[in-house]
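Here are the chains, one letter per residue:
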Amino acid sequence: GENVEQHPSTLSVQEGDSAVIKCTYSDSASNYFPWYKQELGKGPQLIIDIRSNVGEKKDQRIAVTLNKTAKHFSLHITETQPEDSAVYFCAANTGGFKTIFGAGTRLFVKA
Amino acid sequence: GAGVSQSPSNKVTEKGKDVELRCDPISGHTALYWYRQSLGQGLEFLIYFQGNSAPDKSGLPSDRFSAERTGGSVSTLTIQRTQQEDSAVYLCASSLAPIPSTDTQYFGPGTRLTVL
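Residues numbered from 1 in each chain as written. Chains lettered and ligands numbered in written order. Predicted model: local features only at pLDDT ≥ 70, side-chain atom pairs only at ≥ 80, totals over all residues. Heavy atoms only, no water.

Visitor: Got a minute to help me understand the pattern of salt bridges in this structure?
Guide: Side chains that carry opposite charge are capable of pairing whenever their charged atoms lie near each other. Within the structure shown, the criterion is met by 9 salt bridges over all chains. Note that Lys37(A) is salt-bridged to Glu39(A), the shortest N-O span being 3.6 Å. Residue classification places Glu39(A) among the partly exposed positions, given a relative accessible area of 31%. Between Asp86(B) and Arg64(B) there is a salt bridge, with the nearest N and O atoms lying 2.8 Å from each other. Linking Asp86(B) in the loop between strand 7 (75-79) and strand 8 (88-95) with Arg64(B) in the loop between strand 5 (43-50) and strand 6 (65-69), this pair joins segments that are 22 residues apart in sequence. By the burial criterion, Asp86(B) is buried, and Arg64(B) matches it. Within the structure, one salt-bridge network assembled from shared partners comprises Lys37(A), Glu39(A) and Lys42(A). (Salt bridge = Lys/Arg side-chain N within 4 Å of Asp/Glu carboxyl O. Buried < 20%, exposed > 50% of the residue type's maximum accessible area, 1.4 Å probe, protein only. Helix = DSSP H or I, 4+ residues; strand = E, 2+ residues; numbered from the N terminus.)

Visitor: I would appreciate a short explanation of unusual backbone geometry in the present structure.
Guide: A negative phi angle characterises most non-glycine residues, just as the trans form characterises most peptide bonds. Each neighbour pair has its own omega, and for His7(A) with Pro8(A) the value is -5°, a cis peptide bond. Take Pro8(A): it is sitting in the loop between strand 1 (4-7) and strand 2 (10-14). Of note, the amide linkage connecting Ser7(B) to Pro8(B) takes the cis form, showing an omega dihedral of -10°. Within the secondary structure, Pro8(B) is located in the loop between strand 1 (5-7) and strand 2 (10-13). Look at Lys71(A): it is not a glycine, yet its phi comes out positive at around 55°. In this structure, Lys71(A) sits in the loop between strand 7 (62-67) and strand 8 (72-77). At Glu79(A), a position not held by glycine, the phi torsion is positive, near 45°. In this structure, Glu79(A) sits in the loop between strand 8 and strand 9 (86-93). Overall, Glu79(A) belongs to the exposed group, its relative accessible area being 54%.

Visitor: Before we go on, may I ask you to explain the interface of chain B and chain A in this structure?
Guide: Frequently, the measure chosen for interface size is the accessible area removed from exposure when the parts meet. Listed by partner, the interface residues are 20 residues for chain B and 19 residues for chain A. Summed over both sides, the interface of chain B with chain A buries roughly 1500 Å², with 59% coming from carbon and sulfur. For the interface between chain B and chain A, the tally reads 0 salt bridges. In this structure, the connection of chain B to chain A is made through 3 residue pairs in polar contact (both at pLDDT 80 or more). Of all the elements in the fold, those that place two or more residues in the side of chain B that touches chain A are strand 4 (31-37) and strand 5 of chain B. (Contact = heavy atoms within 4.5 Å. Buried area = accessible area lost by both parts, 1.4 Å probe. Polar contact = N/O pair within 3.5 Å; in protein donor to acceptor, adjacent residues only side chain to side chain.)

Visitor: Teacher, can you tell me more about the sheet that holds strand 1 of chain A here?
Guide: The strands that make up a sheet are held in pairs by hydrogen bonds between backbone atoms, and each pair lies either parallel or antiparallel. Residues and elements named next belong to chain A. Strand order in the open sheet formed by 5 strands is 1-3-8-7-6, with antiparallel pairing between adjacent strands. Looking at strand neighbours, the two that pair on one side only are strand 1 and strand 6 (56-59), the edges of this open sheet. Direction aside, the axes of adjacent strands within the sheet are offset by 15° on average. Pairing of strand 7 with strand 8, which is carried by 6 bridges, proceeds in the antiparallel orientation. Residue pairing in the sheet places Thr65 in a bridge with Ser74 of strand 8. (Pairing = 2+ DSSP bridges. Axes fitted to C-alpha atoms, helices over the stretch in contact; angles between N-to-C directions.)

Visitor: It is not clear to me how the layout of surface pockets should be interpreted in this structure. Could you clarify?
Guide: If a probe as big as a water molecule is rolled over the atoms, it shows which places are left empty. In this structure, the largest pocket encloses a volume near 720 Å³. Along the walls of the largest pocket sit 33 residues, with Gln38(A), Arg106(A), Gln37(B), Val89(B) and Arg112(B) positioned nearest its centre. Mapped onto the lining of the largest pocket, the elements with two or more residues apiece are strand 9 and strand 11 (105-110) of chain A together with strand 8 and strand 10 (111-115) of chain B. A per-element tally of the lining of the largest pocket places strand 10 of chain B first, with 4 residues. In terms of residue class, the lining of the largest pocket is built from 11 nonpolar, 18 polar and 4 charged. Counted as a void, the second largest pocket has a volume near 170 Å³. Around the second largest pocket, the lining residues are Lys37(A), Ile47(A), Asp59(A), Gln60(A), Arg61(A), Ile62(A), Ile77(A), Asp84(A) and Tyr88(A). Of the residues contributing to the lining of the second largest pocket, the split by class is 4 nonpolar, 1 polar and 4 charged. (1 Å grid on protein atoms, 1.4 Å probe; cavity = no way out; pocket = protein on both sides within 12 Å on 5 of 7 lines; lining within 4 Å. Points joined across faces, edges and corners; volume = space filled by probe spheres on them. Nonpolar A, V, L, I, M, F, W, Y, C, P; charged D, E, K, R; others polar.)

Dropping the structure here:
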């Protein structure tokens with residue numbers, strides 16, 4: 001089955017800097033890659049997603065890139081702000097109902 | 001509008017006791033998921049309901065775990081004879097479907113279960 005690995009597990013950046021989180025997946029049939037943000041005491045919330053027919057997608061300060069050949073995808077946050085501090089999860093889906101999540105990255109943005 | 005709600009928010013129980021966790025999905029969402037999130041870990045899929053179809057239970061870790069969804073809406077996750085390794089946050093999510101792979105899952109705040 002699908003396996004998703006996520007790095008780093010913890011990331012600390014200075015406010016205004018960029019943050020990059022990387023994930024790899026094992027199943028070449030995966031075709032949908034959502035990213036979730038989880039704040040303390042809350043459930044994960046979708047922040048951006050990308051489908052396998054697209055190489056890059058951007059939404060304001062957040063962008064996601066996908067390399068199907070290498071089977072990896074990344075989340076890029078520019079001009080980080082303290083409110084970006086949270087746990088971020090990548091995930092992969094092969095077209096069915098089962099979405100496989102990475103272990104998460106805890107992002108700290110220092111003011 | 002109202003999001004996914006879960007109750008209780010916290011549950012402390014003794015080893016060997018049964019617990020029930022409740023999930024109220026967003027109105028109109030036909031798909032409902034249960035996940036388990038252990039400390040510092042990602043989300044582990046447990047079970048999936050789609051409309052009135054038989055649920056996919058392939059993620060349930062043991063026969064002590066069961067779930068039902070009444071009337072295609074509210075869902076209850078039951079853990080019998082709880083063990084300390086069951087301690088985790090249990091998350092529920094719902095989505096509109098009918099294409100689960102690309103349909104946004106909306107998560108509830110979770111139930112933090114502690115088994116002493």
